[in-house]
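Summary of structural features
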Amino acid sequence: MAEPRHFIDLWRLAPSDLRAILDDARARKAARKGWPQGRVDADAPGAERTLAMIFQKNSTRTRFSFDAAMRQLGGDVIISTAADMQLGRGETVADTAMVLSRMVDAVMIRANSHDDVEEFARVASVPVINGLTDRSHPCQILANFLTIEERFGSIDGKVLAWVGDGNNVCSSFIHAAAAFNFELRIAAPAAYGPNAVDLARTAERQGRVEVTDDPRAAVAGADAVITDTWVSMGDTDHDARLAALGPYQVDAGLMALAAPHAIFMHDLPAHRGEEVTAEVFDGPRSTVWDEAENRIHAQKSVLAWCFDRLGKV
Ligand code: CP
Ligand code: NVA
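To start, this report covers the structure provided alongside it. This structure is a prediction, so every number in the text was calculated from the model and none was measured. (Residues numbered from 1 in each chain as written. Chains lettered and ligands numbered in written order. Predicted model: local features only at pLDDT ≥ 70, side-chain atom pairs only at ≥ 80, totals over all residues. Heavy atoms only, no water.)

1. Some words on helix α7 (residues 196-204)
If you check which residues of α7 are buried, you get Asp198, Arg201 and Thr202. End-on, the buried residues of α7 take up no more than an arc of 95 degrees, which puts them together on one face. Exposed and facing more than 90 degrees away from the buried side of α7 are Ala196 and Glu204. Its side-chain oxygen at 2.8 Å from the backbone nitrogen of Val197, Asn195 defines the N-terminal cap of α7. (Buried < 20%, exposed > 50% of the residue type's maximum accessible area, 1.4 Å probe, protein only. Helix = DSSP H or I, 4+ residues; strand = E, 2+ residues; numbered from the N terminus. Arc of directions from axis to C-beta. Polar contact = N/O pair within 3.5 Å; in protein donor to acceptor, adjacent residues only side chain to side chain.)

Here is the structure:
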C-alpha cells in the first residue's frame, strides 16, 4: 500500500506539491464564487471520505473550516476533543492511531505536543494533518499565502515581516521560506525569538530569513506585516511576555514604514491593544477576515492532496 500523504510540516513537503495545493485552492475558490457554503464542489474530491478531528486545545477557525471544507468536498467529519476520548484517560497515541486508521480516511489533530502528532503519523495508515501544535501551524500559512496571492498575484519576491513572538505560527513561516521565493524578516525580543532548528534547516535550503530585535528594520518596505498573540495556548509566563513584547505592538506608526500597498495579517484570535492596535486590526490594510475565510479554501486542497485526488476527479 502507498505511504499515506501526511501534512505535518511545510518543510517536509515538496515545493511542487505546495504550489499545486495553493493553485488548486485558488481555482476551487473561484469556481464556487456566489454559491451557498454547503454546496459540494463539482468534482467532489472528498466523496466517500471521512475525516476525524481531534482537539486537545481550543479552536474556532480550524474546527469550523475543516468541517466546512469536508462538506464542500463532498465528504464527512467526526469531531472530538481529546479529553472526551480514551486518550484523555491514558490510552496511547499509537493505539489511538491504529484504531482510527481502521475507521476513517484521514485524521486532523490539534495537539499540545508536536511529538504526539509525529507519533500518530508514524503509526497511522491514513493521512495525518497538523491542525496546530506547540511547534507549528502549517494550515494557517497556506491561508496566508492564498490571501497574499489574491492581493499581489504571487508570493514571488515579496517581503513578509513577522513582528512579535517567534512562536509556532512564526515557525511555519520559516518552514515555508525554504519552499517559496520570498524574504521573511522576523523582529522578536531575544527571549522570545524564533526556533533555532527551524532557522538552520531553512538556511541550509537557501530560504531567505533574517532575524532582528528591531521591528522598524523588519517592517521597512515590507509587503505584509504579520503578527500573532503574545500568549499562545499553553504559555504560562503571561506577564513576562507582555512586558518583553510591548515594544513589538503593530500600530499605525509601524505600518507607515511598510510599503504603501502593505497589508496587515493576523491568524486570530487577536488581542486589540496588545500585539496590534484596534486602528490597524480594524483598518483598511487589514486582511484578517479574508485570511480566516481562506482557511477553508486552502484546507480543501490540502485534504484533496492527502486523498491523492488533486486534479484527478
Ligand atoms: N487561526 C487559528 O488556527 O484559529 P483557531 O485557534 O480558532 O483554530
Ligand atoms: N500562536 C497561537 C495560534 C492560535 C491559532 C497559539 O498557539 O495559541
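Following the structure, the description resumes.
2. What about the site of ligand 1?
Ligand 1 sits among Ser59, Thr60, Arg61, Thr62, Arg110, His137, Gln140, Asp267, Leu268 and Arg295. A distance of 2.8 Å is found between an oxygen atom of ligand 1 and a backbone nitrogen or oxygen belonging to Arg61. A distance of 3.0 Å is found between a nitrogen atom of ligand 1 and a backbone nitrogen or oxygen belonging to Leu268. Bound to the protein, ligand 1 loses 95% of the 260 Å² it would expose on its own. Here the residues of the shell around ligand 1 are counted per class, giving one nonpolar, five polar and four charged. (Near = heavy atom within 4 Å. Areas by Shrake-Rupley, 256 points an atom, 1.4 Å probe, with all protein chains shown as cover. Nonpolar A, V, L, I, M, F, W, Y, C, P; charged D, E, K, R; others polar.)

3. So, the site of ligand 2
All residues adjacent to ligand 2 are Leu132, Asn167, Asn168, Asp228, Thr229, Ser232, Met233, Asp267 and Leu268. A distance of 2.8 Å is found between an oxygen atom of ligand 2 and a side-chain nitrogen or oxygen belonging to Asn168. Between Met233 and ligand 2, the recorded distance is 2.8 Å, taken from a backbone N or O atom to an oxygen atom. For ligand 2, the accessible surface in isolation is 270 Å², of which the surrounding protein chains cover 95%. Here the residues of the shell around ligand 2 are counted per class, giving three nonpolar, four polar and two charged.

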